[in-house]
Amino acid sequence: MKDDQLNPGRRALLRAAALIGLAATAGCAGTARPAAPSPTGPGGAPAAGPPAARVLKPSAYRLQPMAGPGPARAARALPRVRKEPILRLEGGGRSMVLTFDDGPDPRYTPHILRTLRRHDVRAMFFVCGEMAVDNKDLLREMADDGHLIGNHTWSHPLLPRLGRAAMREQMERTCDVIEDATGEPPAWFRAPYGAWNRNAFQLGAALGMEPLAWTVDTLDWTEPGAPTIVRRVRAGAAPGVVVLSHDAGGNRSGSVDALRTYLPELLDSGYRITLPSRYAL
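From a predicted model like this one, the values you see are computed outputs, not experimental measurements.

A closer look at the overall build of the protein
Then, number 1: Along the protein, the regular secondary structure elements total nine helices and eight strands.
Then, number 2: The burial tally for the protein puts 40% of its 281 residues in the buried class.
Then, number 3: Within the protein, contacts between residues separated by at least 24 positions form 79% of all contacts whose residues are at least 6 apart in sequence.

Shown next as structure tokens:
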């Protein structure tokens, strides 16, 4: 029997089967092809039978990374694992770096920030997580002023006495607080008491941080008074040195007062207070 000799009922049945097959194929392929109109019964009501297959759109999460609004941030290149910390900067001319540890402390850190702002100088703050978590406004102020915020562990322990897991937790928790407050993870790490070991170097590098120590220790944690701190900075001033001071961990009024004296002196002597670049080391 030829196709044009089929009775009308059978031709309608074959056409319906073909339409259902095409719709199913389109659904499996995930295309955006429009679905065929459903046959209608008398009076425009939908005809009885199985519903038309729904055309599926591609899943958005498979096409884009799951991220918040705004451009995606490129992954940072991890630094190499060092065997000793960086002590000074090379090739920077008459440049020095000022660093402050153990904060932020709302009693002293704001005064240091104001002095740095007055002289348009940028410094580094190595913060402890247990101090930073309750003073995120100070972290944001540091970042807004262009200072670098480094990781100084959570609770200032002696790292060589910790196991690897405990050491990692000390670093990671502080990284999280810094990134939560400023939107950027820290790129620098300093071991409390300057006590480094292989785990500290390995874990710091794995978290994207370079290890920075110091060249000039003001010993301000002993609270010797501002004049003594000033003399120590003057005696140690030289191209490339890294100066260690503190903005928390005790009475730091001497450190605050000393900065007000030695900072303008350094600038008048031709020193440039600068920040290290992780990618230039």
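Structure's up, so let's keep going.
Some remarks on the packing of aromatic side chains
Then, number 1: All chains considered together, the criterion is met by three aromatic pairs.
Then, number 2: Ring centres of Trp196 and Phe201 lie 5.3 Å apart, and the angle between their planes is 5 degrees; this geometry places the pair in the stacked category. Phe201 matches Trp196 in its accessibility class, with the two residues each being buried.
Then, number 3: Members of the aromatic cluster, joined through ring pairs, are Phe189, Trp196 and Phe201.
Then, number 4: The side chain of Arg94 reaches across the aromatic face of Tyr271, ending 4.1 Å from its centre.

Some thoughts on the nonpolar core
Here is a general trend for soluble globular proteins: nonpolar side chains tend to be buried in one another's company.
Then, number 1: Ranked by internal contacts, the top residues of the largest apolar core, which has 36 residues, are Leu98, Phe125 and Tyr262.
Then, number 2: No other element matches helix 9 (residues 253-268), which puts six residues into this core.
Then, number 3: Beyond its immediate chain neighbours, meaning those up to four positions away, Phe125 contacts Phe100, Thr109, Ile112, Leu113, Leu116, Met142, His147, Leu148, Ile149, Gly150 and Asp247.
Then, number 4: In this structure, Met167, Trp196, Phe201 and Met209 belong to the second largest nonpolar core, which totals twelve residues.

Some remarks on the environment of Tyr262
Then, number 1: Looking at the secondary structure, you find Tyr262 in helix 9.
Then, number 2: Taking C-alpha positions, Tyr262 is 8.9 Å from Ile229, a pair spaced 33 residues apart along the chain.
Then, number 3: The contact partners of Tyr262, leaving out residues within four places of it in the chain, are Leu98, Phe100, Ile229, Val230, Val233 and Ser245.

A short note on the packing of helix 3 (residues 109-118) against helix 5 (residues 136-144)
Then, number 1: Helix 5 packs onto helix 3 with a crossing angle of 10 degrees between their chain directions and a minimal axis gap of 11 Å. Taken together, helix 3 and helix 5 sit at an angle that is classed as roughly parallel. On the side of helix 3, the interface is formed by Thr109, Pro110, Leu113 and Arg117, while helix 5 contributes Leu138, Glu141 and Met142.
Then, number 2: By residue class, the composition of the contact of helix 3 with helix 5 is four nonpolar, one polar and two charged.

Regarding helix 9
Then, number 1: For helix 9, built from 16 residues, the straight-helix expectation of 22 Å at 1.5 Å per residue is met to within 8% by its first-to-last C-alpha distance of 24 Å.
Then, number 2: Listed in full, the buried residues belonging to helix 9 are Gly254, Ser255, Val256, Ala258, Leu259, Tyr262, Leu263 and Leu266.
Then, number 3: Contacts made by the buried residues of helix 9 are with strand 1 (95-101), helix 3, helix 8 (226-236), strand 7 (242-246) and strand 8 (272-273).

Focus: helix 7 (residues 198-206)
Then, number 1: Buried within helix 7 we find Ala200, Phe201, Leu203, Gly204 and Ala205.
Then, number 2: Contacts from the buried residues of helix 7 go to helix 6 (164-182) and strand 5 (210-211).
Then, number 3: Directly after helix 7, the chain includes Gly208, whose backbone phi takes a positive value near 85 degrees.

Here's the deal with the packing of helix 3 against helix 9
Helices that pack against each other are described as a pair by the angle of their axes relative to one another and the distance between those axes.
Then, number 1: At a minimum axis separation of 9 Å, helix 3 and helix 9 run at an interaxial angle of 10 degrees. The angle between helix 3 and helix 9 places the two elements in the roughly parallel class. Facing His111, Ile112, Thr115 and Leu116 of helix 3, the residues of helix 9 in contact are Val256, Leu259, Arg260 and Leu263.
Then, number 2: Broken down by class, the residue content of the contact of helix 3 with helix 9 amounts to five nonpolar, two polar and one charged.

Focus: the confidence of the model for the protein
Then, number 1: Summing up the model confidence of the protein, the mean pLDDT is 81 and the portion of residues at 70 or higher is 72%.
Then, number 2: Note that residues 1-70 has pLDDT below 50 and, in this model, 28 contacts with residues that lie over four places away or in other chains.

Parameters at a glance
Residues numbered from 1 in each chain as written. Predicted model: local features only at pLDDT ≥ 70, side-chain atom pairs only at ≥ 80, totals over all residues. Heavy atoms only, no water. Helix = DSSP H or I, 4+ residues; strand = E, 2+ residues; numbered from the N terminus. Buried < 20%, exposed > 50% of the residue type's maximum accessible area, 1.4 Å probe, protein only. Contact = heavy atoms within 4.5 Å. Phe/Tyr/Trp six-rings, centres within 6.5 Å; stacked < 30°, edge-to-face > 60°. Lys NZ or Arg CZ within 6 Å of the ring centre and 35° of its normal. Core = buried A, V, L, I, M, F, W, Y, C linked by side-chain atoms within 4.5 Å. Axes fitted to C-alpha atoms, helices over the stretch in contact; angles between N-to-C directions. Parallel < 35°, antiparallel > 145°, perpendicular 65-115°, else oblique. Nonpolar A, V, L, I, M, F, W, Y, C, P; charged D, E, K, R; others polar. Expected span 1.5 Å × (residues − 1). pLDDT = per-residue confidence, 0-100.

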